[in-house]
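Summary of structural features
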Amino acid sequence: MAKVLVVTSGKGGVGKTTSTAALGAALAQSGQSVVVVDFDVGLRNLDLVMGAERRVVFDLINVVQGVAKLPQALIRDKRLENLWLLPASQTRDKDALTDEGVGRVIGELRSRFDWILCDSPAGIERGATLAMRYADEAVIVTNPEVSSVRDSDRIIGMLDSKTVRAERGERVEKHVLITRYDPARAARGEMLNIDDILEILATPLLGIIPESQDVLKASNVGTPVTLNDADSAPARAYVDASRRLMGEQVAMVVPVERRGFMNRLLGRRAA
Amino acid sequence: MSMRLLRLFGGRNATAPVARERLQILLSHERGLLGQSDLLVTLREEILAVVSKHVALDPDKVLVKLERGKTVSTLEVDIEVPNNFDKSKAIAERRMAG
């Protein structure tokens, strides 16, 4: 049974694209067939984070408009054979996406994949509403910061009213994914802590991704962070989150950096 | 001095040069594409659509380049087609399907 999952947030720059790539790769690594779909028309970036930017021939809008067939637009990942990308268009405006067109493409994707991950654009405009429109589940990416929590709350309201499931009187299963979390700063009271965020949003937690340099390193080279350095703290956190998506019970811990010999040496000298 | 030393140590694992190169290649292509009138974008799409009717396009074997000049611009579409492609067979198949 295919699942359509939207990765959304309202606010920009909180880690939707990074999280889509990382969760998609983690699900594929555990044997699921996965497609990640970029809904950010005009400002696509999932292709860049996945390292497929030079392989884009056709895109989502071409498929929606019937210029290309779905298989022509799907790009298979070079590292994982059961991971695919459906890129967004870089040249057309976002009005080129229609509700019916997106519904048809999502329906076709459902028959081919176990997981369809929709990377939403920021904001609450057409692109964002279409990305969530056909979702069964939602990952709301939230930073421990007031404006991000507020925007997440707004998006949760939209998931409960503007999706096909909501209109049918059904529920979209929602999960909060906290990214860029710094345990030390939260402990010092300089950052909203997890319990506060969850209490405000009244939505269950999918995972906690620690702030880490490994995320930037992975996007520099165009590799999802779970593939780039599987042992890094954010990679382990994303793998745990993906296992929870598959229904496994995984204890909630914030992975910490495993420091190498040189780092320990430098750390000690600094201290 | 210390910067150079840091680079010496960090150089092997530095990912920033990779990021820089990837962006340069991508942006040189996209700036051309976005700055153009819709005509070249439409041409690109329709040419690719026609070709893909007859041959399965391998994304790695398709190269589209746009160059802007003062009076003329060029659209270069470089598509690798496998030698064993049988045109009469493809047409027959399409007739059957149609």
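A brief structural summary. (Residues numbered from 1 in each chain as written. Chains lettered and ligands numbered in written order. Predicted model: local features only at pLDDT ≥ 70, side-chain atom pairs only at ≥ 80, totals over all residues. Heavy atoms only, no water.)

**Comments concerning the overall build of chain A**
Threshold: Counting from the N terminus, the helices are DSSP H or I runs at least four residues long and the strands are E runs at least two residues long. It is over C-alpha atoms that the radius of gyration is taken, and the globule rule equals 2.2 Å times the number of residues to the power 0.38. Think of it in three bands: residues with accessible area under 20% of the maximum for their type are buried, residues over 50% are exposed, and the middle band is partly exposed, with areas taken using a 1.4 Å probe on protein chains only. Residues count as neighbours in contact if any of their non-hydrogen atoms are within 4.5 Å of one another. Here the accessible surface of atoms and residues is derived via Shrake-Rupley with a 1.4 Å probe, and residues count as covered only by protein chains that are part of the display. Note on charges: Lys and Arg go in the positive column, Asp and Glu in the negative column, and His and the chain ends are not counted at all. Positions of charges follow a simple convention, taking NZ of Lys, CZ of Arg, CG of Asp or CD of Glu.
Helix and strand content of chain A: 14 helices and eight strands. Computed over the C-alpha atoms, the radius of gyration of chain A is 18 Å, within 12% of the 18 Å expected from 2.2 N^0.38 for a compact globule of 271 residues. Along the first, second and third principal axes, the C-alpha set of chain A runs to 60 × 40 × 35 Å. The buried share of chain A, taken over its 271 residues, is 54%. Counted over contacts in chain A with a minimum sequence separation of 6, partners at least 24 positions apart contribute 75%. Of the roughly 11900 Å² that chain A leaves accessible, carbon and sulfur atoms contribute 48%. In chain A, 36 positive and 36 negative side-chain charges are present, and the distance between their average locations comes to 4 Å.

**Observations concerning the side chain of serine 232 of chain A**
Residues and elements named next belong to chain A. Which entries qualify depends on this criterion: Distance and chemistry together define a polar contact, namely a pair of N or O atoms within 3.5 Å, with one atom able to donate a hydrogen and the other to accept it when in protein, and with adjacent residues in sequence counting only for side-chain atoms on both sides.
In this fold, serine 232 is placed in the loop between helix H12 (225-228) and helix H13 (233-245). Serine 232 sits in the buried class, given a relative accessible area of 5%. A distance of 2.8 Å separates the side chain of serine 232 from the backbone oxygen of aspartate 229, its partner in a polar contact. With sequence-adjacent residues up to four places away left out, serine 232 is seen in contact with Asp214 and Val225.

**Quick notes on the environment of isoleucine 140 of chain A**
All names here are of chain A. You can see isoleucine 140 is positioned in strand E6 (residues 137-142). Using a relative accessible area of 0% as the deciding quantity, one classes isoleucine 140 as buried. Sequence-wise, isoleucine 140 and alanine 233 are 93 residues apart; in three dimensions their C-alpha atoms are separated by 20 Å. The residues contacting isoleucine 140, other than those within four sequence positions of it, are Thr8, Ser152, Ile156, Leu159, Lys174, His175, Val176 and Leu177.

**What about the pairing of strand E4 (residues 83-86) of chain A?**
Residue and element names in this part refer to chain A. Our working rule: Strand pairing is assigned whenever DSSP detects at least two bridges linking the two strands.
Sheet topology note: the strand E2 (residues 34-38)/E4 ladder contains four bridges and is parallel. When the sheet's bridge partners are listed, valine 36 is paired in E4 with leucine 85. As judged from the two bridges shared by strand E3 (residues 75-76) and E4, these two strands associate in the antiparallel manner. Considered in E4, the bridge of isoleucine 75 is made with leucine 85. The turn linking E3 back onto E4 is made up of six residues.

**Focus: the nonpolar core**
Nonpolar side chains tend toward joint burial in soluble globular proteins. All names here are of chain A. Worth spelling out the cut-off: Only buried Ala, Val, Leu, Ile, Met, Phe, Trp, Tyr and Cys residues count toward a nonpolar core, and they belong to the same one when joined by side-chain atoms within 4.5 Å.
Core analysis: the biggest nonpolar cluster contains 54 residues, and Phe39, Leu86, Leu97, Leu109 and Ile116 have the highest contact counts within it. Ranked by the residues each element gives to this core, the list is headed by helix H7 (residues 146-159), at five residues. Every residue in contact with phenylalanine 39, bar those within four places of it in the chain, is listed here: Leu60, Leu97, Val102, Ile106, Cys118, Asp119, Pro121, Gly127, Leu130 and Ala131. Counting 33 residues, the second-largest nonpolar core is a separate cluster that includes Ala25, Leu27, Ile75 and Ala237.

**Focus on the pattern of salt bridges**
All names here are of chain A. Quick reminder of the rule: Counted as salt bridges are all cases of a side-chain nitrogen of Lys or Arg within 4 Å of a carboxyl oxygen of Asp or Glu.
Going through the model one piece at a time under the given rule, you end up with 17 salt bridges over all chains. For the salt bridge of glutamate 137 with lysine 3, the shortest nitrogen-to-oxygen distance reads 3.2 Å. Of this pair, glutamate 137 sits in strand E6 while lysine 3 sits in strand E1 (residues 3-8), placing them 134 residues apart in sequence. Under the relative-accessibility criterion, glutamate 137 is labelled buried at 3%. Arginine 165 is the partner of aspartate 136 in a salt bridge, and the nearest nitrogen-oxygen pair spans 3.2 Å. Linking aspartate 136 in the loop between helix H6 (126-133) and E6 with arginine 165 in helix H8 (residues 164-167), this pair joins segments that are 29 residues apart in sequence. For aspartate 136, a relative accessible area of 10% translates into the label buried. Residue classification places arginine 165 among the partly exposed positions, given a relative accessible area of 26%. Three or more residues are tied together by salt bridges with common partners; here these are Asp99, Arg133 and Glu167.

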